[in-house]
Amino acid sequence: MSVNGNMLSLKNLNFSYGKKKILDDISFNAEKGDFISILGPNGAGKSTLVNLISSILKDYRGQIEVGGRNLKGLSSKDIAKMIAVVPQYTNPGFSFTVAEMVIMGRNPYISRFGAERKEDFNAADEAMEKARVLPFANRKFSELSGGEKQRVIIAQALAQDSPILFLDEPTSHLDINFQIEFMNLFSNLNKKENKTIIGIFQDINLAIQSSKKIMLLKEGRIFNSGSVEDTINRENIRSVFGSDVFIGRNPVTGSLYVSPVFNTTVERDSIIQASNKYSKVHVIGGGGAASQVISLLHSSGYIISCGVVNTLDTDLDTARMLGIPYVAEAPFSPISQDSQNRNLEFIKSSDAVILPAVEFGPGNFSNLVSVNKAVGLRKRVIIIDKENIEKRDHTGGKARELYGKIIKDGAIPVDSANEVLMRLQE
Amino acid sequence: MRAGTRTLKYIVILLIILGLLIIIAASTGVAKISLKDTGLILASRIPGINHFVNTDLIENQDIVIISQIRLPRILLSVFVGMALAGAGVIFQGLFRNPMADPYVIGVSSGAALGATIGLVFITGAGLSGISTTTIFALLGALGTTFLVYNISRIRGKVSVITLLLSGIALSAMLSAITYFIMIIKTQDMAKIVFWVMGGFTSATWSNFVILAPIVTVLIIISGFFMRDLNIISLGDERAVQLGVQTDRVKKTLLILASLIAAVAVSMSGIIGFVGLITPHILRLLVGPDHKILYPASVIAGGIVMLVSDTLARTVLMPREIPVGIITAIAGVPFFLYLLVKSKKQFF
């Protein structure tokens, strides 16, 4: 069935179990080709939303429109032709074969007194092909692994040939390779077949890799919705899920990622008090190389600063998160004279300077110049992982040369962040 | 092979077996009648073929034995077997539970109590050849089904667990009442026990003429819900997502299967195991797809009951054994054998 424009629209949807309000005035539109992820903690009303849209629950107030038509005016089969649901898991009462399971997805197209026609078998075969279950079409569903079973259920949903695919935490009990495989499959269906995909996910990272839009659900209300960039930030995640996260950017894909912050409670007696000789430390950042040493020194009680790093750099996120001062440069721009000067100010006021295993190119070569000046200023300079400078040098040997000079002039080479801690306590 | 072709294949094979067994069963008994004569007599009863069959050379007494005594009994047993196996498939599918049988929601104890009341308290000839016992058994079975069904209906939905529990509870109470009547009317105890054990000794054409069309119609109507039954076995909510009107289909099938079981039990008494085991045997042979399983089980149920009843009336000739004893003693070991064999294959 092909419908253009609004595939699914909810208008002021309210639902209660007895006196307990589960969904409170939910309104949203999903257009053709959308990939929307609904995120929220347990009990936010996500499952209720699935049950309402697939018409398992019916006593709602407000309006649900599917393909421009009121859900209440559609028969069960009409709804199943428009929306296919991929549930979390399925447990058939009998041991059907894979083919028998998938053909059940054609039910909306077969009348009570009719039988499966050739086009139904073709559609089932095509669905099995897409979900890669055709090779074991004649095996028993009950004998498959969890991931294979879920592929069969996806094939069953694809056999429904519906413009909307509703994912109800379809990968939550699967291992990582199946999660990736399925998200790629859903992405492809969204891009190549222009299927509208609405998904509920537990894993925020999995959701934001493929989604075009995010809807954050909290206590039955839409907390925030919009693009991934607009919705996924520390404040929103903390408000919705109540947990502190760190939001960074994948250096390869450029997409956001969320990782939880575990309270690194440091033993009291291991904290170095500021009375130490090298209590103020400046760390050169870049490409995430500094994050480990920054958080280690921070949790050990040192006063840290960081620079110069680009705005989208992981090291900058780390610095922001820990609330330490930093010098930042605009994304993908070379370090300006101004930034370099401010960085030098930090270095001058520090007792020690740390140079982690940063990659050097023409854009951040000036950071190395600053480190050289630090050695000249008689600061204690500690260099991590000096051996691999050749691999990290993208300046045609200039960086390696200066690096050698810095070490010759008295910088201390070490192998790990933990060793930095030891050298600062000397 | 696609489901349709497979279904047809199994049904044709099972129907041929059933036909041959009917001829063999009709020729066996105290009076020895040859297979050839039996075949001719049976053929002469089939409209359309009877013009080409000449039974002049067969003794009149044999014709009477076969067409008035054995044939109604054979056909009645076949139809009761079909009804029990069909209802068994439906209940097992609806409850997603292999322990379910046609009596699972209390049809049998309701029928037993009704039959007991009919036997002990009511005197009369019954209606159009149907005995008062049968009529009261039917009323008891239907009444119990109605009661259990209404107890388990909560806000328009039927809860399976409530259905099973209220069925068990009500059965216990109805059986207790039946036993109480047996104690106060000791002189009727043998009659009651004999009815409850089940059998086809009192089979007549008038019983068959009532039973056959009702069972046939109900079984055929139920047959149109087998795709839904497949999908419902994935779970109620999943079935809704696949476009099945789960609540309505479940109610419809529940009522149809209960009616089928009620009619069967009122005609034959309580014959165990056929409705439970036949679907299992057929599931092992043809797989779980109800579109094949249901028609195959229905015919196989007829075969199982026919064989059991033939054994019941011939093993200790001229004495008869209640058919329920045969179904249990012969059916259960066969079923256990299949169960063990399939276990070795699959696990």
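Starting afresh in each chain, residues are numbered from 1 along the sequence in its written order. Just so you know, chain letters begin at A and ligand numbers begin at 1, following the order they were written in. Local features are withheld for residues below a pLDDT of 70 in this predicted model, meaning they are given only at 70 or higher, and side-chain atom pairs are given and counted only at 80 or more; totals for whole chains, interfaces and linings count all residues. The side-chain values count all of the structure's non-hydrogen atoms but skip hydrogen atoms and water molecules.

Asker: Any details on the overall build of chain B? Residues and values, ideally.
Answerer: Helix and strand content of chain B: 14 helices and two strands. Relative to its length of 347 residues, chain B is compact, with a C-alpha radius of gyration of 21 Å against a globular reference of 20 Å. Across the 347 residues of chain B, 54% fall into the buried class. In chain B, the proportion of contacts linking residues at least 24 apart, taken out of those at least 6 apart, comes to 74%. Here the open area of atoms and residues is found with the Shrake-Rupley method and a 1.4 Å probe, where only the protein chains shown may cover a residue. A total accessible area of about 15600 Å² is found for chain B, and carbon and sulfur atoms account for 71% of it. Think of it this way: Lys and Arg go in the positive column, Asp and Glu in the negative one, and His and the chain ends go nowhere. By convention, the charge on Lys lies at NZ, on Arg at CZ, on Asp at CG and on Glu at CD. Distance from the positive charge centre (26 side chains) to the negative charge centre (13 side chains) of chain B: 9 Å. To qualify as a helix, a DSSP run of H or I must reach at least 4 residues; to qualify as a strand, a run of E must reach at least 2; elements of each kind are numbered from the N terminus. For the radius of gyration, the atoms used are the C-alpha atoms, and the globule rule reads 2.2 Å times the number of residues raised to 0.38. Using a 1.4 Å probe on the protein chains alone, a residue whose accessible area is under 20% of its type maximum counts as buried, one over 50% counts as exposed, and one in between counts as partly exposed. Whether two residues are in contact is decided by their heavy atoms, any of which lying within 4.5 Å being enough.

Asker: Explain helix α9 (residues 234-241) of chain A residue by residue, including any values.
Answerer: Residue and element names in this part refer to chain A. Looking only at α9, the buried set comprises N236, I237 and V240. Around the axis of α9, the buried residues are gathered within 95° of arc, so they sit on the same side. Against the buried residues of α9 lie α7 (204-210), β9 (213-218), β10 (221-227), α8 (228-231) and β11 (245-249). What the arc measures is the spread of directions leading from the helix axis to the C-beta atoms.

Asker: So what's going on with the layout of surface pockets? Which residues, and what values?
Answerer: Empty space among the atoms becomes apparent when a probe as large as a water molecule is rolled across them. Grid points spaced at 1 Å over the protein atoms alone were grouped into cavities, where a 1.4 Å probe fits but cannot get out, and pockets, open sets with protein on both sides within 12 Å along at least five of seven lines, with lining residues defined by an atom within 4 Å of a point. Grid points are joined across faces, edges and corners, and a volume is the space filled by probe spheres set on the points. Roughly 1000 Å³ of internal volume is contained in the second largest pocket. Together, 33 residues line the second largest pocket, and S55, I56 and K58 of chain A together with K157 and D247 of chain B are the ones closest to its centre. Among the secondary structure elements, those contributing two or more residues to the lining of the second largest pocket are β1 (6-17) and α2 (76-82) of chain A together with β2 (157-158), α6 (160-184), α10 (236-241) and α11 (246-268) of chain B. The element that contributes the greatest number of residues to the lining of the second largest pocket is α11 of chain B, accounting for five residues. Under the convention adopted here, Pro, Cys and the residues Ala, Val, Leu, Ile, Met, Phe, Trp and Tyr are nonpolar, Asp, Glu, Lys and Arg are charged, and Gly plus all remaining residues are polar. For the lining of the second largest pocket, a count of residues per class yields 14 nonpolar, eight polar and eleven charged.

Asker: Provide a residue-level description of the interface of chain B and chain A, including the pertinent values.
Answerer: In this assembly, 29 residues from chain B lie in contact with 39 residues from chain A. Regarding the contact of chain B and chain A, the summed buried area is about 2800 Å², with carbon and sulfur atoms giving 55% of it. Should a side-chain nitrogen of Lys or Arg be within 4 Å of a carboxyl oxygen of Asp or Glu, the pair is scored as a salt bridge. At the boundary of chain B with chain A, the tally comes to three salt bridges. Here K291 of chain B ties to E116 of chain A by a salt bridge, and the two come within 3.3 Å at their closest N and O atoms. Polar contacts here mean pairs of N or O atoms no more than 3.5 Å apart (in protein, one a potential hydrogen donor and the other a potential acceptor; neighbouring residues in sequence count only if both atoms are side-chain atoms). The interface formed by chain B and chain A includes twelve residue pairs in polar contact (both at pLDDT 80 or more). Once two parts are put together, the accessible area they lose, assessed with a 1.4 Å probe and summed over both, is termed the buried area.

Asker: Outline empty space enclosed by the protein, listing residues and values.
Answerer: All names here are of chain B. Within this structure, the stated rule accounts for three cavities of 30 Å³ or more. The space that makes up the largest cavity amounts to roughly 50 Å³. Lining the largest cavity are L94, F95, V158, V160, L163, K250, K251 and L254. Those elements that provide at least two residues to the lining of the largest cavity are α3 (60-95), α6 and α11. With three residues, the single largest contributor to the lining of the largest cavity is α11.

Asker: Run through the confidence of the model for chain A, naming residues and quoting values.
Answerer: The pLDDT averaged across chain A works out to 86; a share of 95% of its residues lies at or above 70. Here pLDDT means the predictor's own confidence in every residue, given as a number from 0 to 100. Every residue in residues 264-275 of chain A scores below 50 in pLDDT, and together they form eleven contacts with partners more than four places removed in sequence or on other chains.

Asker: So what's going on with the pattern of salt bridges? Residues and values would help.
Answerer: All names here are of chain A. Applying the stated criterion across every chain, the model contains 24 salt bridges over all chains. In this structure, E181 engages R151 in a salt bridge whose closest nitrogen and oxygen atoms are separated by 2.8 Å. Taken together, the residues span a long stretch of sequence, with E181 in helix α6 (residues 176-192) and R151 in helix α5 (residues 146-159) at a distance of 30 residues. The pair formed by E181 and R151 is uniform in burial state, with each residue classed as buried.

Asker: Summarise the packing of helix α13 (residues 365-376) of chain A against helix α15 (residues 398-408) of chain A; cite the residues concerned and give the values.
Answerer: Residues and elements named next belong to chain A. Between the N-to-C directions of two axes lies an angle of 0 to 180 degrees, each axis being a line fitted to C-alpha atoms and, for a helix, fitted only over the stretch in contact. Orientation of α13 relative to α15, taken along the N-to-C sense of each, is 15°, at an axis distance of 10 Å. Classified by the angle their axes make, α13 and α15 are roughly parallel. Crossing angle aside, the handedness with which α13 passes α15 is left-handed. Together, F365, L368, V369, V371, N372 and V375 of α13 and K398, A399, L402, Y403, K405 and I406 of α15 make up the contact between the two elements. Looking at the contact of α13 with α15 residue by residue, the class counts come to nine nonpolar, one polar and two charged. Each angle is binned into one of four classes, with values under 35 degrees roughly parallel, values over 145 roughly antiparallel, values of 65 to 115 roughly perpendicular, and all other values oblique. By convention, the crossing between two helices is left-handed when the near helix turns anticlockwise from the far helix through less than a right angle, and right-handed when the turn is clockwise.

Asker: Break down a nonpolar patch on the surface for me, citing the residues and quoting the values.
Answerer: Like charges within 9 Å and nonpolar side chains (Val, Leu, Ile, Met, Phe, Trp, Tyr) within 5 Å are joined into patches, using only residues over 30% in relative accessible area that form no salt bridge. Among the surface-exposed residues, L8, V12, I16 and L20 of chain B lie close enough to one another that they form a single nonpolar patch of about 400 Å² accessible area. You can see L20 of chain B is positioned in helix α1 (residues 3-27).

Asker: Let's hear about the sheet that holds strand β3 (residues 35-39) of chain A: which residues, and what values?
Answerer: Residues and elements named next belong to chain A. At least two bridges found by DSSP between two strands is the condition for calling them paired. Across the sheet, six strands lie side by side as β6-β7-β8-β3-β9-β10; this open sheet has mixed pairing. Edge positions in the sheet fall to β6 (83-86) and β10, since each has one partner strand and no second. Taken over all neighbouring pairs, the strand axes of this sheet differ in orientation by 15° on average, direction set aside. Of the strands in this sheet, β6 and β7 (164-168) touch α5, which is tilted by about 175° from β6.

Asker: An account of α15 of chain A is requested, with residue identities and associated values reported.
Answerer: Residue and element names in this part refer to chain A. Along α15, the residues that are buried comprise A399, L402, Y403 and I406. The arc that holds every buried residue of α15, seen down its axis, measures 105°, which confines them to one face. In α15, the exposed positions that point more than 90 degrees away from the buried face belong to E401 and K408. Check the buried side of α15 and you find it contacts β16 (352-355), α13, β17 (380-384) and α14 (389-392). Positive backbone phi, approximately 120°, marks G410, located one or two places after α15.

Asker: So what's going on with the sheet that holds strand β15 (residues 326-329) of chain A? Residues and values would help.
Answerer: Residues and elements named next belong to chain A. Ordered in space as β15-β14-β13-β16-β17-β18, the six strands form an open sheet in which the pairing is parallel. The open sheet terminates on both sides in strands that have one partner only, identified here as β15 and β18 (412-414). Strand-to-strand, the axes of this sheet are offset by a mean angle of 20°, without reference to chain direction. Of the strand pairs in this sheet, strand β14 (residues 303-310) and β15 are connected by three bridges, and their pairing is parallel. When the sheet's bridge partners are listed, C306 is paired in β15 with Y326.

Asker: Describe in detail the packing of aromatic side chains, supporting the description with residues and values.
Answerer: Planes of paired rings set the category: under 30 degrees apart is stacked, over 60 is edge-to-face and the rest tilted, where pairs are Phe, Tyr or Trp rings (Trp by its six-membered ring) whose centres lie within 6.5 Å. Scanning all chains against the criterion turns up six aromatic pairs over all chains. With 4.6 Å between their ring centres and 75° between their planes, F113 of chain A and F224 of chain B make a pair best called edge-to-face. Linking F113 of chain A in the loop between α3 (98-103) and α4 (118-130) with F224 of chain B in the loop between α8 (205-223) and α9 (226-232), this pair reaches from one chain into another. Owing to a relative accessible area of 63%, F113 of chain A belongs among the exposed residues under this scheme. Taking 5.8 Å as the distance between ring centres and 35° as the angle between the ring planes, the aromatic pair formed by F178 of chain A and F182 of chain A counts as tilted. Of this pair, F178 of chain A and F182 of chain A both sit in helix α6, four residues apart, roughly one helical turn. With respect to burial, F178 of chain A and F182 of chain A carry one shared label: buried. Residue placement shows K398 of chain A over the ring face of F365 of chain A; its charged tip is 4.6 Å from the ring centre. Whether a charge lies above a ring is judged from NZ of Lys or CZ of Arg, which has to be within 6 Å of the ring centre and within 35 degrees of the ring normal.

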